[in-house]
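Single-letter residue listing:
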Amino acid sequence: MRGVVTLFLLMGQLQKLARALMVLSTAPLGLTGAAFALLIFWAPFGFVALLGLIALAGMIMRNSVILVHQLDQGVRADHDEWTAIVEATVSRFRPITLTASAAVLAMIPLSRSDFFAPQAITIMGGLIGATVLTIFFVPALYAALFRVRRPAADPSSPLVPGAPAVAPAT
């Protein structure tokens, strides 16, 4: 039931089912980081860690909503979809990593607690792993879902291997 409510809220915010499902699909990205963190710190996976996973899913989806919204704005404003995706990802990289870093640092005092340590460790490890994966996964999934193709390279461009570094003077 909660998943359906979450899906409807995402659809209301993102205005398309494909975008909402894309954001919803990023929630499991934190599982690997959370599992590794729990293993490294020998923390038990119990009820409190499960609560941490639920909170972690919300944090990951929030970062994805921020990125998807910026991607949509860039695609609407720019004619070249590929460039819009790259620029949106680069422009949202710092805010997403800063908010994730702030959340991870805020969990450090909680990780010293006897009761809440598994929850904090789950959130810290999952958020670190999911932030890295989200930065690559969401733009790639967006390009795949909406069939965005990389434009053909201009042979006179300095970014093409083998092309001259400076354009010839006319």
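Quantities reported herein were computed from a predicted structural model and do not represent experimental measurements. (Residues numbered from 1 in each chain as written. Predicted model: local features only at pLDDT ≥ 70, side-chain atom pairs only at ≥ 80, totals over all residues. Heavy atoms only, no water.)

### Considerations on the overall build of the protein
A tally of regular secondary structure across the protein gives six helices and zero strands. Reading the protein from its N end, one meets helices and strands in the order α-α-α-α-α-α. Classification of the 170 residues of the protein by burial places 39% in the buried group. Sequence-distant contacts in the protein: of pairs separated by 6 or more residues, those separated by 24 or more amount to 71%. Summing over all exposed atoms, the protein offers an accessible surface of approximately 10600 Å²; the carbon and sulfur share of this is 70%. (Helix = DSSP H or I, 4+ residues; strand = E, 2+ residues; numbered from the N terminus. Buried < 20%, exposed > 50% of the residue type's maximum accessible area, 1.4 Å probe, protein only. Contact = heavy atoms within 4.5 Å. Areas by Shrake-Rupley, 256 points an atom, 1.4 Å probe, with all protein chains shown as cover.)

### Observations concerning helix H6 (residues 117-145)
The largest bend along H6 reaches roughly 35° and is located at Thr134. Arg147, located one to two residues past H6, shows a positive phi value of around 50°. (Bend = angle between axes of the 7 residues up to and from the residue.)

### Some points on the nonpolar core
Grouped together as the largest cluster of nonpolar side chains are 22 residues, with contacts concentrated most on Leu10, Val23, Met61, Val68, Leu71, Ile85 and Tyr142. Of all the secondary-structure elements, those providing two or more residues to this core are helix H1 (2-14), helix H2 (17-24), helix H4 (47-77), helix H5 (81-107) and H6. With seven residues, H4 is the single largest residue contributor to this core. Discounting residues that sit within four places of it in the chain, Leu71 has contacts with Ile85, Ala88, Thr89, Val138, Pro139 and Tyr142. Ala34, Met107, Met124 and Ala130 belong to the second-largest nonpolar core, a separate cluster that totals 15 residues. (Core = buried A, V, L, I, M, F, W, Y, C linked by side-chain atoms within 4.5 Å.)

### Concerning the environment of Met124
With respect to the helices, strands and loops of the structure, Met124 is situated in helix H6. Owing to a relative accessible area of 17%, Met124 belongs among the buried residues under this scheme. Put simply, Met124 and Ser101 are 23 residues apart on the chain and 9.0 Å apart in space, counted from C-alpha to C-alpha. Every residue in contact with Met124, bar those within four places of it in the chain, is listed here: Val104, Met107, Ile108 and Ser111.

### So, helix H3 (residues 31-40)
Three- or four-residue spacings in an α-helix give side chains the same orientation, since the helix completes a turn every 3.6 residues. Those residues of H3 that fall on the buried side of the exposure criterion are Gly33, Ala34, Ala37 and Leu38. Take H3 and look down its axis: the buried residues cluster within an arc of 130°, on one side only. Seen from the open side of H3, the exposed residues pointing more than 90 degrees away from its buried face are Phe36, Leu39 and Ile40. On its buried side, H3 packs onto H4 and H6. Positioned one or two residues after H3, Trp42 has a phi angle of 55°, which is positive. (Arc of directions from axis to C-beta.)

### A short note on the environment of Leu67
Positionally, Leu67 belongs in helix H4. Leu67 gets classed as buried once you look at its relative accessible area, which sits at 0%. C-alpha separation for the pair Leu67 and Phe93, spaced 26 residues apart in sequence, amounts to 8.5 Å. Those residues in contact with Leu67 that sit more than four places away from it in its chain are Ala88, Thr89, Arg92, Ile96, Thr134, Val138 and Pro139.

Limitation: the analysis is restricted to geometry and does not speak to function.
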